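# Architecture and fold: a report
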Number of protein chains: 4
Amino acid sequence: MTVYYKGFPQSDRNEAIKMVNVDELEDRVRKVMPEAAYYYIASGSENEWTWRNNTAAFNHFQIVPRSLTNMDNPSTETQFMGMDLKTPIMICPIACHGIAHKDAEVATAQGAKAAGALFSSSTYANRSVEDIATATGDSPKFFQLYLSKDWDFNKMVFDAVKSAGYKGIMLTVDALVSGYREANLRTNFTFPVPLDFFTRYVGAEGEGMSVAQMYANSAQKIGPADVAKIKEMSGLPVFVKGVMNAEDAYMAIGAGADGIVVSNHGGREIDTAPATIDMLPEIAAAVNGRVPIILDSGVRRGSHVFKALALGADLVGIGRPFLYGLALGGAKGVESVINQINNEFKILMQLTGCKTVEDVKHADIRQINYTADNLPSNTDPSVRRAYPVTKENQMEGTQDAATGASKH
Amino acid sequence: MTVYYKGFPQSDRNEAIKMVNVDELEDRVRKVMPEAAYYYIASGSENEWTWRNNTAAFNHFQIVPRSLTNMDNPSTETQFMGMDLKTPIMICPIACHGIAHKDAEVATAQGAKAAGALFSSSTYANRSVEDIATATGDSPKFFQLYLSKDWDFNKMVFDAVKSAGYKGIMLTVDALVSGYREANLRTNFTFPVPLDFFTRYVGAEGEGMSVAQMYANSAQKIGPADVAKIKEMSGLPVFVKGVMNAEDAYMAIGAGADGIVVSNHGGREIDTAPATIDMLPEIAAAVNGRVPIILDSGVRRGSHVFKALALGADLVGIGRPFLYGLALGGAKGVESVINQINNEFKILMQLTGCKTVEDVKHADIRQINYTADNLPSNTDPSVRRAYPVTKENQMEGTQDAATGASKH
Amino acid sequence: MTVYYKGFPQSDRNEAIKMVNVDELEDRVRKVMPEAAYYYIASGSENEWTWRNNTAAFNHFQIVPRSLTNMDNPSTETQFMGMDLKTPIMICPIACHGIAHKDAEVATAQGAKAAGALFSSSTYANRSVEDIATATGDSPKFFQLYLSKDWDFNKMVFDAVKSAGYKGIMLTVDALVSGYREANLRTNFTFPVPLDFFTRYVGAEGEGMSVAQMYANSAQKIGPADVAKIKEMSGLPVFVKGVMNAEDAYMAIGAGADGIVVSNHGGREIDTAPATIDMLPEIAAAVNGRVPIILDSGVRRGSHVFKALALGADLVGIGRPFLYGLALGGAKGVESVINQINNEFKILMQLTGCKTVEDVKHADIRQINYTADNLPSNTDPSVRRAYPVTKENQMEGTQDAATGASKH
Amino acid sequence: MTVYYKGFPQSDRNEAIKMVNVDELEDRVRKVMPEAAYYYIASGSENEWTWRNNTAAFNHFQIVPRSLTNMDNPSTETQFMGMDLKTPIMICPIACHGIAHKDAEVATAQGAKAAGALFSSSTYANRSVEDIATATGDSPKFFQLYLSKDWDFNKMVFDAVKSAGYKGIMLTVDALVSGYREANLRTNFTFPVPLDFFTRYVGAEGEGMSVAQMYANSAQKIGPADVAKIKEMSGLPVFVKGVMNAEDAYMAIGAGADGIVVSNHGGREIDTAPATIDMLPEIAAAVNGRVPIILDSGVRRGSHVFKALALGADLVGIGRPFLYGLALGGAKGVESVINQINNEFKILMQLTGCKTVEDVKHADIRQINYTADNLPSNTDPSVRRAYPVTKENQMEGTQDAATGASKH
């Protein structure tokens, strides 16, 4: 069923999604999301080179199958910042889940909880942190902060987040201004549904704002001292989100960061920034285990999760795929997406002799130079060829009398 | 002619196949195999990246033509584990040959025998090892073992295999669970014909089982000790099949393995595993001649056989191509496929001055970085352009009076 | 409106251009330029490999996003040879702007002035240096010199250029003969509008001359001594344009050059010459700050400007894009193009913590081996897929009663 | 006009060919050659990977444009084995020129003479060496030898070749058996016109023989001693043709070879052999100037000639392109092809400051890793897009009254 918020169609589904892989959802979701909203999600900045290469670059690394491992029943459970998680996959912060579903972040958080995954909501969420907490109790939650120029606004946010039981803050530092996102220009995208913290603080509903305007509200200038200030004001651990080289990892740790998120904002900020997976080894070496590392950007497969963990990450974030799940199936749709990727990941744990997520961190990953094609399989709906129908290749009783070809 | 097993069409052909290369068969066989069975064979896990790159990666290596070699009449004969073979090409183990031909593994083994090649049958074969032995006498045969959780089942298998005159066991260690094979999900593939050992032991015909169910029957946990146990119970040499790096080669040899099969299961288990040819040099260096090495996965050409031998393999296995040959021509079809690849291989022996298969192991192979395209030739049916017909380019007497264009 | 010079259509527009990126103009301009003139601009020599790779090679380098930079309001202003510029982007010399606009170089110079960019006009300009100076006062201007065999002609040019207030001479040394430009052969291109200096000196209007004839007029032989001679006769700083390796940079500096232009003439001379960005690091190291460096060839994006500055350039020239802007919008069109690329550049300065152009010269640039695809984004007009229209994905009130599909 | 030899159409043209580049001829010639003959020429072995990469690999190397070179009027003249040549481009030996033109090798030799290029004819030529000599006097000629098993046949050949004034013998050592050429199998190609030396010696006209049968006549076994024997019996210098690594270059020189031809037989023997240009540096280093080096295989452009000379070759052979020229224009067609490539080469000499062919041998060539695309230019007939016709982009007086669109 479709409900409308001032003419904007929102799904109200709550059903598990039947899929073969999450890549299929990017096409399927076009049928349930308006074009401008779809392209707000399914796009990157400029030529979308980094968006494409974020995923393709995982093929720069290959997983070596292992044998005689004497091990079965791997477990994808993991601990993170004192939280027990059923999967190392987490929900990345994305603004305005209302473009996918009437329950917006509440439904997403419910899906994450059902999958035992760490949920994170954005400063520019439609739903309040209170509503989300009410709907999900003390399920593991992080908050993503677009630091405002206005510290009173920030204080209000910290207090709300702390009392809603969020376990940490992810300070986004790589989007001081919006990347040059051509899709939004071509579709004239504006946020169709009010953003709670804006409504609460400035009264301006945040509705109808363009992406660039929204970013212009946030602080254009963030330095090391801000990390300490946020920690002190919020009383919560602070992760610096958007670190893409060793120098900035050292800077963040020096500033007191409790963790690092290796991210290039899903290829939505600097186009021709390197893929996150290509920068992870350098950053993990610099961090050297001092603080936990989350990696996001371009994650679609269990093998992506596997490689990120093996190359130094502790948690791996997914973005667009969960939002497609939200649009196609609400909370249960989000859960389906997390489970699909986690199931693929679990198969790889068995085939590489990794009993635990910790074992995966010692897996044998190679860097052989292949033409990193990112093609789908031959039976992928987008490329599957029509199958010939002949007298010889049809199940008996289903052939056409004359031609012998199949009737079904 | 087509016969039906409970409605499932099976070829009963026994004729040599006219082909230019084996790649042509992958398209041709669609006309004689039902779609689900076809895609069970012609598919890999997930995006099929490893399946594609298994073959494309052979182009990471180039064969240097040699001159003034003072040599002719090369011979492709070779010795392997005391067996005299007419070719270093062997038949890889594939389950359920009944999806291609009514005589299933019996026909395949006959074809292998005619070509003088080592045959191997799978634990999940349709036909019994006894039937196969009856049909082929003491032609060279290896048995591929999916170790069962149930050691009585294993004992039954070993005894049958030993008395049927099989010369060795290939212990598959890289498929404890099925890779995430999307083609089978999209076609709802289940095994259409009973699997002999299942029928014999558990009464369940194995018919109608999905791939994942089948694998679930096998041991999920295999360790070094199992190698010794199998050797001891079977009284046969044991090859560890699915080794993909030096560490596991050392492990297998340490466990008493009599040989190594470098394989990633034809790209059907871990997608974005490296191609086998790319891992062979490292493994061959580790094995250092202590035990024989077989390589499989992606082999289609004489040049693939040549490169695998030159980089450290002793035998080279083919899979899908022989099954297409079985469907298109039964035993003679299998023989045609082996001979086609062997003839291509023999030409390369002459053009590189390699009198014997041993000489090939010292051939000059280079690793120049080309864009490893895997395109067909211009006259390949899939890309061949229509040829213009003009007054000037037609054989005399075949032109159209008016246009001069050819009539035929 | 379109005016005609002896039947040749020239735009007389003077309007800002609405664009998402400058790549779009290369297709749009086909509607306002005759085919032969279009392909004179939108082509390279032979297979156009260098033309293609000039732009694609920028993806050999990646921009690392930076965090906790404590900086906002970056400025793109820069000083160059004593001139204050609002942008490090300059207008490269291109012959015969009259093929795009009736006001030719005058309009281009006005656009450059409005954008605060260094303008350069070609020896083979339609409009005189005097007209250009009259129209633009003392806005920053360089003159590009095709040295003539006839030093009287050269003297006449130097005097005119000096008195018109030009601040420097760019001596083109990489086009002694025309590259093998197949597009011009296929369209029989000849210069449709008189070239001022030809008309002024030899009386021959230069009109109707082919590219090859034009080049044949210039000196076929230029050596180090010519640099000193030109400096002495012109009384202006001399930049050597067309330097593509360290050796020639040393030679040029040895010859007294006041600056280097790293250029392969936009891929219009030697095909399979390396891309300029790939040679810049070597040249910048050789120059070692002794003289300023300009880079041109293939620049389309703010990220290209960013990378060139970070790898050693002081100014970055654009060619074809500004000419498309001239055809589509006259002076204001040229200004739109410079501002589009400069705005993209400014976003990157903010996202990498570069307050000034000097800061950009210390940015973190990586050289990770990606398949350097040069694809457009998914919403680029040339590839954007039709969007499905369903009951669920349309704004309310815009659906078709029956299908629910959108009316607009 | 078309004449027929037993129904086989042969061109009898003798006219210069108007072309933009030689690549265009490969498509154009389809209109004047029967399909089987065309594909005998325009094909390689197996997947034609080496045939494709022979040309694409030239893009592994880039030509650095040079500046302040103080040089003009380059000359492409060169000396080779005492012969004065107008170009370093030579005619490679190809069998049976009669498939392209009624005068076969006589016309080709005439064309080569007119262009001042070294001509070479094959053991399997249609026309006798006597006819060729009669038609061309003492123009520079080499003879390509397929050594026969029958030394009387060889003696007859040497005597004829010596008395016909040929200056050297190229002993082909890389085609002891035919590569696996799938095009010939698909078109059932057989030689349509008698091969002179076969007719002369064995009475069998050689007509109707397949490629494989032809090769079976030649010696399957050639060793170092044969080089000395041929030198001694022929009294002519002997070049070993088909050398593809340093070891074989040392072997050939050790055997008394007077020169080396770096060749992989145009990609018609071993598929996935490396491209000749990629092996030339190693071979040139091994030869170290002791004997001259010829390179062939995949040469289409002046830049290919330039790179081969710069990387160690003394002469550069072309094959298929001259045969297309022969079919499309007879002797003058061959001359057009040589001149087209030589003119492109001469432009590059000027733009790199190379006054002589010897200078080219010291040119600055780089090996930057590009995605070695081998695409044509945008105006290449095979890819050129239709140009939009609008009111604004048409020459005046040629517009349609109503639409303003052009009438022509």
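These lines cover the structure that appears in this document, whether it is placed above or below.

Scoring rules and cut-offs
Every chain's residues receive numbers from 1 upward, in the order its sequence appears when written. Here every chain gets a letter starting at A, and every ligand a number starting at 1, in the order they are written. For this predicted model, a pLDDT threshold of at least 70 governs which residues receive local features, and a threshold of 80 or more governs which side-chain atom pairs are given and counted, while totals over whole chains, interfaces and linings are taken from all residues. Calculation of side-chain values draws on the structure's entire complement of heavy atoms; hydrogens and water are dropped beforehand. Should any heavy atoms of two residues lie within 4.5 Å, those residues are counted as being in contact. The term buried area means the drop in 1.4 Å probe accessible area that two parts suffer when joined, counted for both and summed. Salt bridges are defined by distance alone: a side-chain nitrogen of Lys or Arg within 4 Å of a carboxyl oxygen of Asp or Glu. Each polar contact in these results corresponds to two N or O atoms within 3.5 Å; when the atoms are within protein, one needs to be able to donate a hydrogen and the other to accept it, and residues that are neighboring in sequence are counted only if both atoms are side-chain atoms. Helix and strand definitions follow DSSP, with helices as H or I runs of at least four residues and strands as E runs of at least two, each counted in order from the N terminus. The buried label goes to any residue with under 20% of its type's maximum accessible area, the exposed label to any with over 50%, and the partly exposed label to all in between, with areas taken from a 1.4 Å probe on protein chains only. For two strands to be treated as a pair, DSSP must find at least two bridges joining them. Least squares is used to superpose the copies, and the fit set is the C-alpha atoms of residues whose pLDDT is at least 70 in both copies. Convention adopted: a line fitted to C-alpha atoms gives each axis, helices being fitted over their contacting stretch, and angles between N-to-C directions are expressed from 0 to 180 degrees. The cut-offs work like this: below 35 degrees is roughly parallel, past 145 is roughly antiparallel, 65 to 115 is roughly perpendicular, and the gaps in between are oblique. Take the far helix as your reference; a near helix turned counterclockwise from it by less than a right angle gives a left-handed crossing, and one turned clockwise gives a right-handed crossing. Asp, Glu, Lys and Arg are counted as charged, while Ala, Val, Leu, Ile, Met, Phe, Trp, Tyr, Cys and Pro are counted as nonpolar; the rest, among them Gly, fall into the polar class. One fewer than the residue count of a helix, multiplied by 1.5 Å, yields its expected span.

A few words now on the interface of chain A and chain C. Taken together, the contacts link 65 residues of chain A with 55 residues of chain C. Together, the buried faces of chain A and chain C total about 5,300 Å²; carbon and sulfur atoms form 51% of this surface. For chain A, the biggest contributors to the area lost against chain C are R30(A), R186(A) and I270(A); these three give 14% of the whole. The tally of links from chain A across to chain C stands at ten salt bridges. E35(A) serves as the salt-bridge partner of R384(C), at 3.1 Å between the closest nitrogen and oxygen. Applying the counting rule to chain A against chain C returns 31 residue pairs in polar contact (both at pLDDT 80 or more). The element best represented in the side of chain A that touches chain C is helix α7 (residues 182-187) of chain A, accounting for five residues.

A word on the pairing of strand β2 (residues 8-11) of chain C. Side chains F8(C) and Q10(C) project from β2(C) onto one buried face, and the interleaved P9(C) and S11(C) project onto a second face that is buried too. Linking strand β1 (residues 2-5) of chain C back to β2(C) in an antiparallel pair, the connection comprises two residues, with K6(C) at a positive phi of about 50 degrees.

For the pair chain D and chain B, the superposition axis carries a translation of 0.0 Å, the fit reaches an RMSD of 0.0 Å, and the rotation angle comes to 90 degrees. The symmetry that links the two subunits is that of a four-fold axis. Residue T371(D) of chain D places its C-alpha closer to the rotation axis than any other residue of that unit, at 4.7 Å. When the interface residues of chain D are mapped onto chain B, a mere 2% of them are again interface residues, pointing to distinct binding faces.

What follows deals with the relation of the copies chain A and chain C. For these two chain copies, the linking operation is a rotation about an axis paired with a shift along it. For the pair chain A and chain C, the relating rotation is 90 degrees, the translation along its axis is 0.0 Å, and the fit reaches an RMSD of 0.0 Å. A distinct binding surface is used by each copy, with only 2% of the interface residues of chain A retained as interface residues in chain C.

Moving on, we come to the packing of helix α4 (residues 104-115) of chain A against helix α14 (residues 320-351) of chain A. Residues and elements named next belong to chain A. At a closest axis distance of 7 Å, the pairing of α4 and α14 adopts a crossing angle of 15 degrees. As the angle between them shows, α4 and α14 are arranged roughly parallel. The element α4 and its partner α14 pack so that their crossing is right-handed. Facing A104, A107, T108, Q110, G111, A112, A114 and A115 of α4, the residues of α14 in contact are F322, L326, A331, V334, E335, I338 and N339. When its residues are assigned to classes, the contact of α4 with α14 shows ten nonpolar, four polar and one charged.

No part of chain B reaches chain C; the closest C-alpha pair between them is 10 Å apart. Between chain A and chain D there is no contact; the minimum C-alpha to C-alpha separation amounts to 10 Å.

Quick look at the interface of chain D and chain B now. Chain D puts 65 residues into the contact, and the matching count from chain B is 55 residues. For the pair chain D and chain B, the summed buried surface comes to about 5,200 Å²; carbon and sulfur atoms form 51% of the total. Interface area lost by chain D to chain B is led by R30(D), R186(D) and I270(D), which between them contribute 14%. Linking chain D with chain B are ten salt bridges, by the criterion used here. Residues E392(B) and R13(D) are paired through a salt bridge, measuring 3.1 Å at the closest nitrogen-oxygen approach. At five residues, the largest contribution of residues to the side of chain D that touches chain B is made by helix α7 (residues 182-187) of chain D. Partitioning the side of chain D that touches chain B into residue classes produces 33 nonpolar, 14 polar and 18 charged.

Before going further, it helps to examine helix α6 (residues 151-163) of chain B. It helps to recall that an α-helix has 3.6 residues per turn; residues three or four apart then point in one direction. Residues and elements named next belong to chain B. Between its first and last C-alpha atoms α6 spans 18 Å; for 13 residues at 1.5 Å apiece the expected length is 18 Å, and the two agree. Within the span of α6, buried status applies to F153, N154, M156, V157, F158, A160 and V161. The backbone nitrogen of D152 has a side-chain oxygen 2.8 Å away, supplied by the residue at the start of α6, namely D150. Looking at the residues trailing α6, positive phi occurs at G165, about 85 degrees.

Bringing the side chain of D248(A) into the picture now. Position of D248(A) relative to the elements: it lies in helix α11 (residues 246-254). Aside from chain neighbours lying at most four places away, what touches D248(A) is V243(A), P65(C), R66(C) and S67(C).

Interpretation in functional terms is not warranted from these geometric data alone.
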